[in-house]
Amino acid sequence: MKQRLFSVLVAIGMAALPSAAAIQQPVKVASGQISGTPASDPSIAVFKGIPYAAPPVGDLRWRAPEAPAAWKAFAKAINFPPVASRT
């Protein structure tokens, strides 16, 4: 569901931009720089699995989300992370 909503929001956002305004690689975000992968339409870049919060472990459990840790090298946002199992 989240992936579908994200895809729709990206498509709407990209449709509102002229084709000359396609995202150039790499992109700077608050935690560092990311690179994506081109879509079937060359004017669209796809960014998958961008961390939006620190993992809720230890003292962060049951608290409001915090920003993810910054990274120094380019993060490749080309795959979604594994899905948690329900075992």
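Residues numbered from 1 in each chain as written. Predicted model: local features only at pLDDT ≥ 70, side-chain atom pairs only at ≥ 80, totals over all residues. Heavy atoms only, no water.

Trainee: Is there a simple way to explain the sheet that holds strand S2 (residues 32-35) in this structure?
Mentor: Two strands in a sheet stick together by hydrogen bonds in their backbones, pointing the same way (parallel) or opposite ways (antiparallel). Taken together, three strands build an open sheet; the order of strands is S1-S2-S5 and the sheet is mixed. Each having just a single partner strand, strand S1 (27-29) and strand S5 (75-76) make up the two edges of the open sheet. Relative to S2, S1 runs antiparallel, the two being bridged by three bridges. For Val27, the partnering residue across the bridge sits in S2 and is Ile34. (Pairing = 2+ DSSP bridges. Helix = DSSP H or I, 4+ residues; strand = E, 2+ residues; numbered from the N terminus.)

Trainee: Explain unusual backbone geometry to me, please; I cannot follow it from the model alone.
Mentor: Trans peptide bonds make up the majority, and among non-glycine residues the majority have a negative phi. For Trp62, which is not glycine, the phi torsion reads 65° and is therefore positive. Within the secondary structure, Trp62 sits in the loop between strand S4 (45-46) and S5.

Trainee: Would you mind showing me how to read the pairing of S2 here?
Mentor: Side-chain direction in a regular strand flips from residue to residue, so the side chains alternate between the two faces of the sheet. Between the end of S1 and the start of S2, which pair antiparallel, lie two residues. Bridge count between S2 and S5: two bridges; the pairing is parallel. Within the sheet, the bridge partner assigned to Ser35 lies in S5 and is Lys76.

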